[in-house]
Amino acid sequence: MSNILWKSLVVSPAVLGATLLVSATAIAAPSTTPEVATTEVPTTEVATTETVLPAVAQQPAIVAQAAPTTEDTKVIDQVNRYSNEGRTNNSQGQVTSVSQFSDVQPTDWAFQALQSLVERYGCIAGYPNLTYRGNRSLTRYEFAAGLNACLDRVNELIATATADLVTKQDLATLQRLQEEFSAELATLRGRVDALEARTAELEANQFSTTTKLAGEAIFAVTDVFGDDLGDRNNTVFQNRVRLTLNTSFTGKDLLTTRLSSGNAQAFVGTADGSGEGLQTFQVGSTGNNGVEIDKLTYETDFGPARAYLAATGGRHSHYAAVNNPYFFDKTDGGNGSLSTLSSESPIYRIGSGAGVAFTLPFGKGGGIFRPSSLTVGYLASEANNPNDSAGLFNGNYAALGQLNFSVGDRLALAATYVHGYTGAGSSLFGDEDGNILVGTSQANTLNNSASSNSFGLSAAFRPSDKLSVSGFVSYTDVTVTGANNDKEVWSYGVGVALPDFGKQGNVLGIFAGAQPYSLGRLNPGQNEVPYQIEGFYKYRVSDNISVTPGVIWLTNVNQGNSDDAIIGTLRTTFTF
């Protein structure tokens, strides 16, 4: 048994203080529930901004899946909790003088004994806040752990020819205590040996010390109904799979490598040259279950700011707060709303690809707006293309600036500006592969190259733990090369979510809004506002499985006075 391992258990000062001071009979008295110090570990999942610190490098609960809990394992867990108290940052560890303890006074009855243990044997350790907590009760297992540590210390003194420091009286006391607690010592040694063996096995077979695998698989049965579109489409069964490697080198950074595959396709008529009715699981699908790297990003702290670097597949909603809880799920994930419109404001769909972004927090002190932050970012969809009209700065790009405000704990606000350049043949709300993600064909179509200035407001209000209200409005002024090609694009929407509706983890969501549209300029015959209403209910089957039935109602498809279309979907999402 390693002395270092056993010494790590010597963090309960009551154990150490009792060692060699009292008899075994006195120590066996009943104990009360001990005070357990907890260490607050910063989370790596951002709930308020949704993007500043994405989920990283969480250790899988492998050890927790052990045999059923018994009284012995409860005791061992208790000892482990005391052990962890001494492993926090700035841990004091071994002391050299009893005066280092703030709660030990020369008038205490055990002061001389503690002083002797520190000076002669050096087997006293304190808590990180320089306390000893010697008045706390302890169990026989705790005392056995402390006794073993002092036995190890005595063995070290003997092995280093300093045995003259150990008196015969102390050796006799140690021998008597060792006999009294032989059963507890044997149990502890057996438990720790087993844990060491399991830890060695896990370390030998683990995939990586820095990388964790996360996965999402979506099965979706969907169909569209309507006099026109219903006759042109059939019921389909589609899928999409995302495998993500989350790598953290320092604990505060995140390298994301995501593989995506799927066979999902939009319905004929609803998304011909547009993104109306497009569902989130249809984004990033190769159409034939081919595999591609659709996201390669790195995030880390950069001074007081959070830096975001995208090599491919970058999105504004990766790093900017979209203020749409329960509808937005990590950029077109499978646990939020069904459609791309209700997932996030279309302003975040302008621009994608490779680039860099920074989020700088401010306003942590007093005042109404706290905490707040400033986000700036730049994405280029042709960054890998060396042609004259492409590259990082000469091709399609979008630069974003956003101010984020939090008013108390219930209200979040954001004001967003995006300046973009879109080449001829590209779409306003499209990705780097040319796929239109949201909006009508009239809003997306650009006959020639164009520059755009977009303005957006978003807000999320949570009046109670059972109700969330969010909404957005965006306006884009598009200047297209050539005469009479300029246009304006509008979009807006509001959503109401009822979390934990019927069961913890369930979400009932209703969203109503307008797809990005442009009136009057390109096609005078298409001057109707394309409204959309969506309702979904995410039912949490387990921690890893959810089933989401939902309906999307579209009016004035392609901005024409056409028949309404209703899309029905049953989505099942597996996460691991």
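In what follows, the structure referred to is the one given above.
These notes cover the structure that comes with them. (Residues numbered from 1 in each chain as written. Predicted model: local features only at pLDDT ≥ 70, side-chain atom pairs only at ≥ 80, totals over all residues. Heavy atoms only, no water.)

### Describing the overall build of the protein
Next up, step 1: Each helix and strand counted, the protein has 13 helices and 18 strands in total.
Next up, step 2: Every one of the 576 residues in the protein was classed for burial, and the buried ones make up 47%.
Next up, step 3: Long-range pairs, those at least 24 residues apart, make up 67% of the contacts in the protein between residues at least 6 apart in sequence. (Helix = DSSP H or I, 4+ residues; strand = E, 2+ residues; numbered from the N terminus. Buried < 20%, exposed > 50% of the residue type's maximum accessible area, 1.4 Å probe, protein only. Contact = heavy atoms within 4.5 Å.)

### Things to note about the side chain of Asp 253
Next up, step 1: As for its position among the elements, Asp 253 is in the loop between strand S4 (236–247) and strand S5 (254–262).
Next up, step 2: Of the polar contacts made by the side chain of Asp 253, one reaches the side chain of Tyr 298; its length is 2.8 Å. (Polar contact = N/O pair within 3.5 Å; in protein donor to acceptor, adjacent residues only side chain to side chain.)

### Topic: the environment of Ser 116
Next up, step 1: Mapping Ser 116 onto the fold places it in helix H5 (residues 111–121).
Next up, step 2: Sequence spacing of Ser 116 and Ser 97 is 19 residues, and the spatial spacing of their C-alpha atoms is 9.7 Å.

### Let's talk about the packing of aromatic side chains
Next up, step 1: One pass over the full model with this rule turns up 14 aromatic pairs.
Next up, step 2: The interplanar angle of 40° and the centroid separation of 5.9 Å between the aromatic rings of Tyr 378 and Phe 393 together place this pair among those described as tilted. With Tyr 378 in strand S9 (residues 372–380) and Phe 393 in helix H12 (residues 391–394), the pair connects residues that are 15 residues apart, well separated along the chain.
Next up, step 3: Through a chain of ring-to-ring contacts, the aromatic side chains of Phe 327, Phe 472, Phe 511 and Phe 536 assemble into a single cluster. (Phe/Tyr/Trp six-rings, centres within 6.5 Å; stacked < 30°, edge-to-face > 60°.)

### What to know about the packing of helix H7 (residues 168–180) against helix H8 (residues 182–205)
Next up, step 1: Interaxial distance between H7 and H8 falls to 4 Å at its minimum, and their mutual angle equals 70°. In terms of their interaxial angle, H7 and H8 are classed as roughly perpendicular. Each of Gln 178, Glu 179 and Glu 180 in H7 lies in contact with H8, whose residues at this interface are Ser 182, Glu 184 and Leu 185.
Next up, step 2: Along the lines of polarity and charge, the residues of the contact of H7 with H8 split into one nonpolar, two polar and three charged. (Axes fitted to C-alpha atoms, helices over the stretch in contact; angles between N-to-C directions. Parallel < 35°, antiparallel > 145°, perpendicular 65-115°, else oblique. Nonpolar A, V, L, I, M, F, W, Y, C, P; charged D, E, K, R; others polar.)

### Quick look at the pattern of salt bridges
Next up, step 1: Applying the stated criterion across every chain, the model contains nine salt bridges.
Next up, step 2: Of the charged contacts in the structure, one is a salt bridge between Arg 240 and Glu 216, with a shortest N-O distance of 3.2 Å. With Arg 240 in strand S4 and Glu 216 in strand S3 (residues 211–225), this residue pair connects regions lying 24 residues apart in the sequence.
Next up, step 3: The buried category is assigned to Arg 240, whose relative accessible area is 0%.
Next up, step 4: Note that Asp 500 is salt-bridged to Lys 466, the shortest N-O span being 3.7 Å. With a gap of 34 residues between them, Asp 500 in the loop between strand S14 (487–499) and strand S15 (507–517) and Lys 466 in the loop between strand S12 (450–464) and strand S13 (467–480) connect regions that are remote in the sequence.
Next up, step 5: Taken together, the shared-partner salt bridges connect Asp 332, Glu 344 and Arg 349 into one network. (Salt bridge = Lys/Arg side-chain N within 4 Å of Asp/Glu carboxyl O.)

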